[in-house]
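Residue-level listing of the chains:
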Amino acid sequence: MLKELLKMNENINNITGKRLKELRESAGLTMQEEADVLNKTFNLQITRGMMSRWESGKAQPSNIFLSAYARYHNMDLNYIIGLTDVKKNLEEKYTLEEVSIENNINERESNLLEKFRALPEARKLKIEARIEAEYDIVMENEQESRQKA
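Residues numbered from 1 in each chain as written. Predicted model: local features only at pLDDT ≥ 70, side-chain atom pairs only at ≥ 80, totals over all residues. Heavy atoms only, no water.

Colleague: Sorry, what's going on with the confidence of the model for the chain here?
Modeller: Detailed reading of the predicted model is not advised wherever pLDDT is low. Within the chain, residue pLDDT values average 82, and 82% of them lie at 70 or more. Confidence scores differ between elements of the chain, with helix H6 (residues 96-103) showing the lowest mean pLDDT of 53 and helix H3 (residues 48-55) the highest of 94. (pLDDT = per-residue confidence, 0-100. Helix = DSSP H or I, 4+ residues; strand = E, 2+ residues; numbered from the N terminus.)

Here's what the structure looks like:
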């Protein structure tokens, strides 16, 4: 189970990195130029080194940085982080069928997604925060287990 989660995390980093690089290159920007424009536009402190680690899959940008990328490039965050291979702009909506087909979402996941989408935005944010916190706990525990082994 641990190996599967680590492999999944590595795959997510690689997919996200490739897509960040793709967006940057399609905009005709160097890493430094993109860092500068994101920092200025969204009042961030991204360095060229951070971008290099993200694009190479060695690290995963935080949600704040991913959100800035998505807004700057007008690209749906689900595409950037690899939840879908359907490349859409921020304004475009996905149908549940598109998401399910592209990502091999099973019936259980599809039902959860439908329920999540029906919630008010404030509740969605709370659920997202809970999931993020739980994920962080699991990853910390796995890292501790690896260090002990």
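After presenting the structure, the write-up continues.
Colleague: Just checking my understanding: could you explain the packing of aromatic side chains for this structure?
Modeller: What characterises a pair of aromatic rings is the spacing of the ring centres plus the angle enclosed by the ring planes. Under the counting rule described, the total for this entry stands at two aromatic pairs. On the numbers, 5.1 Å between centres and 40° between planes, the contact of Trp 54 with Phe 65 is tilted. Taken together, the residues Trp 54 in helix H3 and Phe 65 in helix H4 (residues 63-73) connect sequence positions eleven residues apart. What makes Trp 54 buried here is its relative accessible area of 5%. Their ring planes at 70° and their centres at 6.2 Å tell us that Trp 54 and Tyr 69 sit as a pair that is edge-to-face. Of this pair, Trp 54 sits in helix H3 while Tyr 69 sits in helix H4; the two residues are 15 residues apart in sequence, bridging distant segments of the chain. Judged by its relative accessible area of 0%, Tyr 69 falls in the buried class. Among the aromatic residues, those joined into a cluster by ring pairs are Trp 54, Phe 65 and Tyr 69. (Phe/Tyr/Trp six-rings, centres within 6.5 Å; stacked < 30°, edge-to-face > 60°. Buried < 20%, exposed > 50% of the residue type's maximum accessible area, 1.4 Å probe, protein only.)

Colleague: For this particular structure, what's the right way to read the pattern of salt bridges?
Modeller: Once their charged atoms are close, side chains differing in charge can pair, the charge on each being opposite to the other. Inspection of the entire model under this criterion finds three salt bridges. Across the salt bridge formed by Arg 19 and Asp 85, the nearest N and O atoms sit 2.5 Å from each other. Here the residue Arg 19 occupies a position in helix H1 (residues 2-26), and Asp 85 occupies one in the loop between helix H5 (77-80) and H6, the gap between them amounting to 66 residues. With relative accessibility at 11%, the residue Arg 19 sits in the buried group. Assessed through its relative accessible area of 47%, Asp 85 is described here as partly exposed. Put simply, Glu 55 and Arg 24 hold a salt bridge, and the shortest N to O gap is 2.6 Å. Of this pair, Glu 55 sits in helix H3 while Arg 24 sits in helix H1, and the two are 31 residues apart along the sequence. The class of Glu 55 is buried, set by a relative accessible area of 9%. A residue is classified by how much of its surface remains accessible, and Arg 24, at 8% relative accessible area, is buried. (Salt bridge = Lys/Arg side-chain N within 4 Å of Asp/Glu carboxyl O.)

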